[in-house]
Amino acid sequence: MFLKRFRGLFSTDLSIDLGTANTLIYARDKGIVLNEPSVVAIRTEPDGGTKSIAAVGDAAKSMLGRTPGNIQAIRPLKDGVIADFTVTEKMLQHFIHRAHENSFLRPSPRVLVCVPCGSTQVERRAIRESAAGAGARGVYLMEEPMAAAIGAGLPVSEARGSMVLDIGGGTTEVAVISLNGIVYSESVRIGGDRFDEAVINYVRRNFSTLIGEATAERIKHEIGSAYPSNSMAEIEVRGRNLAEGIPRSFVLNSNEILESLQEPLSGIVTAVKTALEQTPPELGADVAERGMVLTGGGALLKDVDRLLMEETGIPVIIADDPLTCVAKGGGRALKMLDEKGVDVFTYE
Amino acid sequence: MTTPPQSHDLDEVATIPVLRGPGEQLRSAREAAGTSVHEIATHMHLDSRVILALEADDYDQLPAPTFVRGYLRGYARLLDLDPEPIVRAFEQRDLAPPSLVADISEKSRVHGGDFPIRLVTYIVVAALIVLVVLWWRSQDFAPVRFDTPFAGDSSLPEEESAIVPQEAPEAQSAAPPASEQAAELQEETVTPVEAEASPETRAPAAGALEPDTQAVASVASGTESASPGETEAPVAETLALAAESGIAAGENDSAEALGSTGEVAAFALPAEGEAEPAEDLPADAAASEPEVPGGETSAPEANAEAPLAETPSESPAPSAVSESADVSVEPTPSAPAAEQDVSFVSDASADRLQMSFTVECWLEVYDRDDERLFYGLAQPGEQLSLSGRGPIRVVLGNSDGVEVRYNGTPIEFDSFVTRGVARFSVGGSPPEVTRTPARDADADADAESDAQPAGEGEPAPDGG
């Protein structure tokens, strides 16, 4: 305990967006210091079956689906929560260490970790313990929509309703916030991963071709859209033809991807509509007047704001730099916790 | 249709000639496209007045900058404009994001980094340092350490006391010249003092020399006689006591000089009596012989008790040189009995305090003028005889097993004992035993003092 406090003197407080797809770390006074995929490659030694970390982050992600038998590339988080406790701990340890450059002491910062608002007590405890196991001397948990709203620059402390929609890798969180508190929040386990899956399924169904997750993600990034537009984009991809059993290249266009994404997108729209339904009328009026704010990687999907605007009839705004909103918001909350000693945003 | 931009907006636009205000760019684009504000508002699901405020760059009417940025992007996209220049023009306004307010009543916690806290911390640390330094200095200035040889003198007010603290170390030095020097010093101190009429000396501080060297306690060439002492250094700490014989008027009773080789102790027990010019001790005899001259019976004993007396013949030191007839040096009968006896020979008005110890006892004795008569650790079995002018202030660190006699009368001091420490004054006129207020004690006296008002003491037996 004392050692941790001592090491804490040489550590920077961190806000961690422990996402299913990406982990972002925001350091106080430094900004975003780390933005890496939440992927760990584990090598199993041939002798005794001992396991060691082969790669973490970008390097590990490039191994996804391309590993030999003794290496396993794992995404330790699923649907916003920890699926593999030990690997998450190792990954966090690695990331926290990397966030402290040229530090010869093992860092022991206070960390604020953002958790999905729909996560259970068990899942939260797993996150807390894995952060503590990774060397943190203090762990604060904060609900992701709140962090996203703060990071997006919404006036969360005003007595006006602000709606935030955070489309992450594993979950989509929608929340209405007023007076530093969450009035309504809903978390659906739909996110960027589900988009990728939808693309894979669509391609297999319509092209009888298998593509990997990485390819699906690339397709989504390049030609994915959520709302029909006049211009049509195309992309050439390669996959294994199921009938022939050999890799074939084929061309996909944006309309096909739009079609493939309909199902997860409609899930998000439904969640938003439900939220608007459940929001008290005054707050709903505030939201309708100013609009809702989109954050998270899903907000980068082309025309997703238009889709939501058309579906809900209220203004939709994409936050600046939506990927980092959660981490930045957590950082601001941590700073406030430090300066004013009030942890209105965090709990436990 | 459009409201003119506010004046400060105009100023800002004027300073940035390249980038017109975002609202103005959008308005001109919209007018060029021939669409109305209402159409735009419908497409964007916003109020018309929001669009108007956007075009007027009137951000007071608009929500937080995040929303404004989103509106500008959406507006620009509707008009098929590149949103980025417009958003950049908006960023020029540099509007701050909404601040996070913790609560309605924002209570701030006192934080470790706050200035007042830091200040208090520094003050406390500085105070601690100062206290430590003060304590250390006070320790450092303690005049005599436990193991330094101590020499007291009878401290007659008119008599210049032999410079005891300086003398003792000097006398302790191994080199015989040093001890001679000491002797000279002593002589110097003595000579100005009264009475050529009774030119007589006292026991000089005896230097405890290295075992192989001599104990030289020689005094005083010329007029005065020195009564060298014998040092018994049982614990390597030499109790070099400058036994002074009172010079005045020859109240000096006896000064015994015993020279033993290894150690020398100034050894002078007061014997009541007047200054007798009579019994000179032939100092030369003392110088030549190890045995004390004139110490007829006691000297051999004393000598025999000095186990380290390797080379008796070598000791020229204890030369009680008395050229003048005034010197009376007599071995007192008590001398052989107590090896470590120390005596102060004082003048006629001196009171005599005798103590015998059955336990180890820290002891401080001061006379009327706060001159220190004794300061040190008495060993079990030791007997101590001190002379000074009363009232004599006594601090006994371990009063159990100490017997005190004042001018021959036993003193009861049990009522002055606090946790083993006895503080009392004895003697004076009228003679009495009183409690010594603790603050009267020397600076380095025991801290465990109970400050009691003086004068509570019971009358002491009159010591005459």
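Structural data are supplied above this passage.
1. A look at the sheet that holds strand β16 (residues 247–253) of chain A
All names here are of chain A.
Phase 1: Taking strand neighbours across the sheet as the criterion, the 3 strands line up as β14-β15-β16 in an open arrangement whose pairing is antiparallel. Taken across any chain shown, the strands that pair with only one partner, and hence form the sheet edges, are β14 (209–210) and β16.
Phase 2: Where strand β15 (residues 234–241) lies against β16, 7 bridges are found, and the strand directions are antiparallel. Each residue of the ladder has a partner; that of Ile235, found in β16, is Leu252.
Phase 3: Against the sheet, helix α7 (residues 213–223) contacts β15 and β16, and its axis sits at roughly 165° relative to β15.

2. Some remarks on the pattern of salt bridges
Phase 1: As enumerated under the stated definition, the model contains 24 salt bridges over all chains in all.
Phase 2: Between B:Glu55 and B:Arg30 there is a salt bridge; the shortest N-O distance is 2.5 Å. Linking B:Glu55 in helix α4 (residues 48–55) with B:Arg30 in helix α2 (residues 22–33), this pair joins segments that are 25 residues apart in sequence. Each member of the pair B:Glu55 and B:Arg30 is classed as buried.
Phase 3: Within this structure, A:Asp320, B:Arg69, B:Arg73, B:Glu84 and B:Glu91 form a network of salt bridges that share partners.

3. Focus on α7(A)
Phase 1: Every buried residue of α7(A) is accounted for by A:Thr215, A:Ala216, A:Glu217, A:Ile219, A:Lys220 and A:Ile223.
Phase 2: Residues of α7(A) that are buried in the fold lie against α2 (58–61), α6 (192–207), β15, β16 and α8 (254–260) of chain A.

4. Topic: the environment of B:Ser28
All names here are of chain B.
Phase 1: By the secondary structure assignment, Ser28 is in helix α2.
Phase 2: Overall, Ser28 belongs to the partly exposed group, its relative accessible area being 29%.
Phase 3: Between the C-alpha atoms of Ser28 and Glu55, which are 27 residues apart in sequence, the distance is 9.2 Å.
Phase 4: Separated by 2.8 Å, the side chain of Ser28 and the backbone oxygen of Gln25 make a polar contact.

5. So, the packing of aromatic side chains
Residue and element names in this part refer to chain B.
Phase 1: Per the stated rule, a full pass over the model turns up 6 aromatic pairs over all chains.
Phase 2: Where Phe413 meets Phe424, the ring centres are 5.1 Å apart and the plane angle is 15°; that geometry is what we call stacked. One end of the pair, Phe413, is in the loop between β7 (409–410) and β8 (417–418); the other, Phe424, is in strand β9 (residues 421–427), with 11 residues separating them in the sequence.
Phase 3: Here Phe413 falls in the buried class, since its relative accessible area comes to 3%.

6. Focus on the pairing of strand β2 (residues 361–366) of chain B
Along any regular strand, the residues point their side chains to alternate faces of the sheet.
Residues and elements named next belong to chain B.
Phase 1: Of all 6 residues that make up β2, 6 are buried, and the element is covered over most of its length.
Phase 2: Residues Cys361, Leu363 and Val365 of β2 are buried on one face, and the alternating residues Trp362, Glu364 and Tyr366, pointing to the opposite face, are buried as well.
Phase 3: With 6 bridges joining them, β2 and strand β3 (residues 372–378) adopt antiparallel strand pairing. Residue pairing for β3: Trp362 is matched across the bridge by Leu377.
Phase 4: In sequence, β2 turns back onto β3 through a hairpin of 5 residues, with Asp370 there showing a positive phi of about 60°.
Phase 5: Inspection of the sheet shows β2 paired to strand β5 (residues 392–396) by 4 bridges, in the antiparallel sense. Looking across to β5, one finds that Val365 is bridged to Val394.

What counts, and where the lines are drawn
- Residues numbered from 1 in each chain as written.
- Chains lettered and ligands numbered in written order.
- Predicted model: local features only at pLDDT ≥ 70, side-chain atom pairs only at ≥ 80, totals over all residues.
- Heavy atoms only, no water.
- Pairing = 2+ DSSP bridges.
- Helix = DSSP H or I, 4+ residues; strand = E, 2+ residues; numbered from the N terminus.
- Contact = heavy atoms within 4.5 Å.
- Axes fitted to C-alpha atoms, helices over the stretch in contact; angles between N-to-C directions.
- Salt bridge = Lys/Arg side-chain N within 4 Å of Asp/Glu carboxyl O.
- Buried < 20%, exposed > 50% of the residue type's maximum accessible area, 1.4 Å probe, protein only.
- Polar contact = N/O pair within 3.5 Å; in protein donor to acceptor, adjacent residues only side chain to side chain.
- Phe/Tyr/Trp six-rings, centres within 6.5 Å; stacked < 30°, edge-to-face > 60°.

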